Amino acid sequence: MLLLSVILSGMMVWAQDLPSKDPDFSCTNQATAQQYVRDFNIDTSSFGGMELCNSKVDTKKLFNDLEVIQKGHFNSFGNNVFIRGFIPANNYYSWMKDQTRGIERGQDVPYATAYNRGGYFTMQDGWTQLSTLGRVGTVVHEARHTDGYRHVPCSYGPYQGAYLDGCDTDYDYAGSHAIEMEYYARVSVLGSNFHPVYKTMARLMGIARGNFVFNKPVISEKEGILALNQNGTQADLIVDDQVVQRDVPQVQSAILKRTSFGGAMFDGQKAYAIELYGQHMQENIDDSYSYYKLLTRDKAPIFDFEEFDVAPKRFVLQMTDNQHLQFFNFPEGDWDSPTTLPIQAQRSATRLENGQAGYFLIDNQGLIYPVNTRTHALDQALSLKWDPSLVDVASYNGKTLLLKKDGLIYEKGSNGSESLWSFGKNHYSSMINTPVYNGFTVEK
Ligand SMILES: [Zn+2]
């Protein structure tokens, strides 16, 4: 009996996962806090003063990050394209300590989440807005810069074409982005004492950032279809001619939106991430991986939000109401001033029946206006009109798919004919194209 309880309590201690959210961290003990301050030369006053318990104070946020770095443990078996052994897996804390001359809080570079100057890190507002995982990833990323690893201008993504050094040439360079991605992949694939939600977040983050921060891609994308069941509790993911069910976040009257890591549920105010690779979701996870994270800056409901690529560039726009459209200016780190539209939009679309992709606004006559990503204004209405029986349009293996108001998905034939799509097994309320990356396995 005694032996059993010892084993049980031992197991419980062993099985205790690190927290994934700030409110779940216990108070940092005084001696540990002092060790962190000493090891990393933390300017606590710039973070809001010494704080052991309240995560609303940035000092405690940093302590939580360092606790995860110090206590996180990794198994040695398991492969992933991002895991190369750049940093010894169970040595992050001492490696970090070696790479850090000091850490302070500031906000003087508008586009950066944090920066490193000669081993001194400045954690900016962007860092405080991230999840614990995103913050830890940022700290690990910054540490790599101390050894002289530098970024170059981006060939893809939101910073493509900007005169900013934001990307790494390739993964083999083992720069800051690679160190960050390796950390996420290790947590996801090898992590032994991380919270399951933290592990899911690590996978989402690895995919969301790993798909554009390397000028030579490490992971490649396949287009899948994600269709939300009418009951709103599950979605069907169709990829490689296989249908798999996915849990979706439980959100009232939300629609699917394509994101850089896959898909999200958007309710007009917030977006929640969908886990395409794992079968079950433990809880709703805010989408802080794609640029839907910008939504948390403004809590008011909006008309629309979209993250979309016009290769090689990624755009993010929002419509605060049906007549005002704003693009996010990545180099400036802020929204451009809104364009007032000559129409009142009824809805938007990212794909049309004729196969055209981009961002389109549709008025109450069904007239379709392409949004010009260069001028931020509307181009002339197309001759094609929006069919009122359509809910969403997507593309699969070169075929155009139409989700109609009857909840069924139709495939468009080359002669314009429409037939029921063989992989559409349910009645659906929303449908998107979703990128599925080869870096992680889609659990069946
Ligand atoms: Zn960097």
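Fair warning: this is a prediction, and the values are worked out from it, not measured in the lab.

Definitions and limits used
Residues numbered from 1 in each chain as written. Predicted model: local features only at pLDDT ≥ 70, side-chain atom pairs only at ≥ 80, totals over all residues. Helix = DSSP H or I, 4+ residues; strand = E, 2+ residues; numbered from the N terminus. Rg over C-alpha atoms; globule rule 2.2 N^0.38 Å. Pairing = 2+ DSSP bridges. Axes fitted to C-alpha atoms, helices over the stretch in contact; angles between N-to-C directions. Buried ≥ 20, exposed ≤ 12 C-beta atoms within 10 Å, placed from the backbone. Domains from an automatic or database assignment. Contact = placed C-beta atoms within 7 Å. Left-handed = near helix turned anticlockwise from the far one by under 90°. Core = buried A, V, L, I, M, F, W, Y, C linked by C-beta atoms within 7 Å. Nonpolar A, V, L, I, M, F, W, Y, C, P; charged D, E, K, R; others polar. pLDDT = per-residue confidence, 0-100. Arc of directions from axis to C-beta.

A. Quick look at the overall build of the protein. Counting its secondary structure elements, the protein contains eight helices and 24 strands. Its C-alpha atoms give the protein a radius of gyration of 23 Å, within 12% of the compact-globule value 22 Å for 444 residues.

B. Just the sheet that holds strand E9 (residues 255-259), in detail. Judged by pairing direction, the sheet is antiparallel, and its three strands sit side by side in the order E9-E10-E11 without closing on themselves. In this open sheet, the two strands that pair with only one neighbour each are E9 and strand E11 (271-274). Sheet twist, expressed as the mean angle between neighbouring strand axes with direction ignored, is 35 degrees. Examined bridge by bridge, E9 and strand E10 (residues 262-266) share five bridges and lie antiparallel to one another. Considered in E10, the bridge of threonine 259 is made with glycine 262.

C. Highlighting the pairing of strand E1 (residues 102-105). By the alternation rule, side chains of E1 split into Ile103 and Arg105, which are all buried, and Gly102 and Glu104, of which none is buried. Of the pairings in the sheet, the one linking E1 to strand E3 (residues 120-123) comprises four bridges and is parallel in character. Bridge assignment links glycine 102 to a residue of E3, and that residue is tyrosine 120.

D. Looking closely at the domain arrangement of the protein. For the protein, the assigned domains read domain 1 (17-210) and domain 2 (221-437). A separation of 31 Å is found between the C-alpha centroids of domain 1 and domain 2. Taken together, the contacts link 24 residues of domain 1 with 22 residues of domain 2. Per-element tally for the side of domain 1 that touches domain 2: the top contributor is helix H8 (residues 196-210), with nine residues.

E. Spotlight on unusual backbone geometry. Put simply, alanine 311 and proline 312 share a cis peptide bond, and its omega is 5 degrees. With respect to the secondary-structure elements, proline 312 resides in the loop between strand E12 (304-310) and strand E13 (313-321). A positive phi angle, near 50 degrees, is found at asparagine 41, a position not held by glycine. Mapped onto the elements, asparagine 41 comes out in the loop between helix H2 (30-40) and helix H3 (58-71).

F. Just the sheet that holds strand E18 (residues 357-362), in detail. The strand order across the open sheet formed by three strands is E17-E18-E19, and the pairing between neighbours is antiparallel. Both outer strands of the open sheet, strand E17 (347-351) and strand E19 (368-370), are each paired with one neighbouring strand and no more. Between one strand axis and the next, the sheet turns by 35 degrees as a mean value, whatever way the strands run. Pairing geometry for E17 and E18, over four bridges, is antiparallel. Paired with alanine 349 across the strands is phenylalanine 360, a residue of E18.

G. How the structure looks around the packing of helix H6 (residues 132-145) against helix H7 (residues 176-190). Closest axis-to-axis distance for the H6/H7 pair is 8 Å, and the angle between their directions is 145 degrees. Between H6 and H7 lies a crossing whose hand is right-handed. Contacts between H6 and H7 involve Gly137, Val140, His141, Arg144 and His145 from the former and Ser176, Ile179, Glu180, Tyr183 and Tyr184 from the latter.

H. Local environment of the nonpolar core. The biggest cluster of nonpolar side chains holds 90 residues, and the ones touching the most others in it are Leu204, Met205, Ala227, Ala264, Met265, Ile409 and Met431. A domain split of this core shows at least three residues from each of domain 1 (17-210) and domain 2 (221-437). When neighbours within four sequence positions are excluded, methionine 265 is seen to be in contact with Val248, Pro249, Val251, Ala254, Leu256, Ala271, Tyr272 and Ile274. Of all hydrophobic cores here, the second largest spans 13 residues; its members include Phe47, Leu66, Ala114 and Phe121.

I. Expanded view of the packing of H7 against H8. Relative orientation of the contacting elements H7 and H8 amounts to 145 degrees, with a least axis distance of 8 Å. Crossing geometry of H7 relative to H8 is assigned as left-handed. Across the interface between the two elements, Met181, Tyr184, Ala185, Val187 and Ser188 of H7 pack against Tyr198, Lys199, Ala202, Arg203, Met205, Gly206, Arg209 and Gly210 of H8. The residue inventory of the contact of H7 with H8, partitioned by class, reads seven nonpolar, three polar and three charged.

J. Molecular detail of the confidence of the model for the protein. With 96% of its residues at a pLDDT of at least 70, the protein reaches an overall mean of 92. Note that residues 1-14 has pLDDT below 50 and, in this model, zero contacts with residues that lie over four places away or in other chains.

K. Seen up close, the pairing of strand E24 (residues 428-437). Of all the 10 residues making up E24, 10 are buried; the element is thus mostly covered by neighbouring parts of the structure. Across nine bridges, strand E6 (residues 221-229) lies against E24 in antiparallel orientation. Across the sheet, residue alanine 227 finds its bridge partner in E24, namely methionine 431.

L. Focus on H2. By the burial criterion, the buried members of H2 are Ala33, Tyr36 and Phe40. Each buried residue of H2 lies within a common arc of 60 degrees when the element is viewed along its axis, so the set occupies one face. Turned more than 90 degrees from where H2 packs its buried face, Gln30, Ala31, Gln34 and Arg38 sit exposed. Its buried side turned inward, H2 meets H3, helix H4 (92-99) and E1. Looking one or two residues past H2, asparagine 41 carries a phi angle of roughly 50 degrees, positive in sign.

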